[in-house]
Amino acid sequence: DKLRAYVIGATGLVGQRYVQLLAEHPWFELVGVAASERSAGKRYGDINWVLETPLPEKAAELKIDKLDVDSVPKVDVVFSALPSEVAAKVEPELARRGYLVVSNSSNMRLEPDIPLVIPEVNPRDLELLREQRKRGWSGGIIKKPNCSTTILDLPLKPILDEFGIVRLHVVTMQAVSGAGFSGVASMAILDNLIPYIRGEEEKIVNETKKIFRRDLEIYATTTRVPVVDGHTEVVYVDTERDFDIEGVLELLAKFRGLPQELGLPTAPEAPIIVTKNPDRPQPRLDRMAGNGMSVVVGRARKLGARKLAFVVLGHNTIRGAAGNAVLATELLIKLGLY
Ligand code: 11C
């Protein structure tokens with residue numbers, strides 16, 4: 001039998017990604033969707049669908065429920081793409097009432113008993129879910145990290161394990177879809193760049209420390225660029241041990257995680273794809289690598305002893321958001337942790 005899934009915050013960009021991934025998923029049946037009052041009562045097929053692929057037929061006939069904790073149906077998983085302020089009220093209440101909530105929102109990410117999971121990087125943190133019983137919840141909450149954090153931490157994982165990291169600097173060039181609909185609508189950013197995204201630099205630093213359970217020295221600058229989908233990040237790493245660049249490239253290309261070992265449905269064959277073409281990665285050409293679930297690393301260079309530079313690109317609403325959350329849920333189920 002398929003697991004019953006419900007999406008809350010279903011009409012936004014990440015909500016649409018959830019619907020897209022779940023409607024055709026081999027393990028889940030999307031039984032319903034909810035959104036704010038504005039869309040409640042509409043047919044899901046009548047919303048402003050903005051993804052590049054057609055809206056899945058199965059989802060089109062769903063009627064959008066008004067988001068209300070009292071009327072969430074009995075399901076196995078609630079996928080949440082609510083704005084953080086709303087999520088802060090709704091998600092803990094659902095967890096208290098016995099629902100498993102898999103959340104995209106940034107609230108609670110740093111709380112010690114909340115799994116903040118990139119399935120290839122820190123899969124065992126899913127076990128933290130058990131700690132949430134101490135809150136008196138019969139359900140639980142798992143979170144996916146910020147999109148820039150996830151895209152950065154995938155290549156950092158094998159580098160940290162093999163060579164150690166003394167410090168790292170990252171500059172992001174983030175797509176407008178990261179800012180939701182208003183971002184996509186406002187291509188007013190064309191011929192421009194915004195050198196600051198509120199709250200984003202702290203998220204990269206703090207979430208990366210939590211994910212690696214290490215007080216890493218990290219400096220981040222986050223910028224918004226006129227790209228629709230796909231965050232690009234320029235990374236400089238001072239490693240503990242020296243490396244040769246071919247060894248780093250091989251390490252990254254060969255990296256596999258538990259989702260690959262277990263053959264999970266949303267797992268890409270390789271979470272990190274390496275390119276030696278100096279013009280890549282580019283958002284338009286590379287964001288759909290591994291169905292949007294692989295990150296692409298290029299421009300890898302050795303700048304000096306123990307000094308590594310590279311560029312990494314990932315799809316911000318697939319690997320950076322809904323795809324990562326769905327993969328984490330598959331892993332949770334496969335490991336029997338829920
Ligand atoms: C952006 N990364 O591109 C942000 C949006 O922590 O989930 C997602 C914010 C988050 O603006």
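Per chain, the residues get numbers from 1 upward, laid out in the order the sequence is written. The predicted origin of the model limits local features to residues at a pLDDT of at least 70 and limits the giving and counting of side-chain atom pairs to 80 or more, whereas totals for whole chains, interfaces and linings rest on all residues. As a rule here, side-chain values come from all non-hydrogen atoms in the structure, and water together with hydrogens is ignored.

**Description of the packing of aromatic side chains**
Formally: By convention, a stacked pair of Phe, Tyr or Trp rings (six-membered ring in the case of Trp) has centres within 6.5 Å and planes under 30 degrees apart, an edge-to-face pair has planes over 60 apart, and any other such pair is tilted. Secondary structure elements are defined from DSSP: runs of H or I of at least 4 residues count as helices, runs of E of at least 2 residues count as strands, and each element is numbered from the N terminus. Burial here depends on accessible area, computed with a 1.4 Å probe over protein chains only, as a share of the maximum for the residue type. Under 20% is buried, over 50% is exposed, and the range in between is partly exposed. Over a ring means this: the NZ of a Lys or the CZ of an Arg is within 6 Å of the ring centre and within 35 degrees of the ring normal.
Counted under the stated rule, the structure contains four aromatic pairs. Ring centres of phenylalanine 28 and phenylalanine 79 lie 5.7 Å apart, and the angle between their planes is 90°; this geometry places the pair in the edge-to-face category. Here phenylalanine 79 lies in strand S4 (residues 77–80) and phenylalanine 28 lies in strand S2 (residues 28–35), a separation of 51 residues in the sequence. We note that phenylalanine 28, like phenylalanine 79, is buried. Geometrically, the ring pair formed by tyrosine 44 and tryptophan 49 is edge-to-face, given 6.2 Å between the ring centres and 75° between the ring planes. Taken individually, tyrosine 44 and tryptophan 49 each receive the classification buried, so the pair is uniform in this respect. Clustering of aromatic rings is evident, with ring pairs tying together Tyr18, Phe28 and Phe79. Just above the ring of phenylalanine 243 sits the side chain of lysine 302; from NZ or CZ to the centre is 4.7 Å.

**Comments concerning the packing of helix H4 (residues 147–163) against helix H6 (residues 200–212)**
The description of two packed helices rests on the angle between their axes and on the distance between the axes. To be explicit about the condition: Every axis in this analysis is a line fitted to C-alpha atoms, fitted for helices over the stretch in contact. Angles between the N-to-C directions lie between 0 and 180 degrees. For classification purposes, angles smaller than 35 degrees are called roughly parallel, those larger than 145 roughly antiparallel, those between 65 and 115 roughly perpendicular, and all remaining angles oblique. If you view the pair so one helix is near and one far, a crossing is left-handed when the near helix is turned anticlockwise from the far one by less than a right angle, and right-handed when it is turned clockwise. Should any heavy atoms of two residues lie within 4.5 Å, those residues are counted as being in contact. The residue classification treats Ala, Val, Leu, Ile, Met, Phe, Trp, Tyr, Cys and Pro as nonpolar and Asp, Glu, Lys and Arg as charged. All others, Gly included, are polar.
Running from N to C, H4 and H6 cross one another at 40°; their axes reach a closest spacing of 10 Å. Judged on the interaxial angle alone, H6 and H4 are oblique. Remark: the crossing between H4 and H6 carries right-handed chirality. On H6, the residues that touch Cys147, Ser148, Thr149, Leu152, Asp153, Leu156, Lys157 and Leu160 of H4 are Glu200, Lys203, Ile204, Glu207, Thr208, Ile211 and Phe212. Of the residues that constitute the contact of H4 with H6, the class distribution is seven nonpolar, three polar and five charged.

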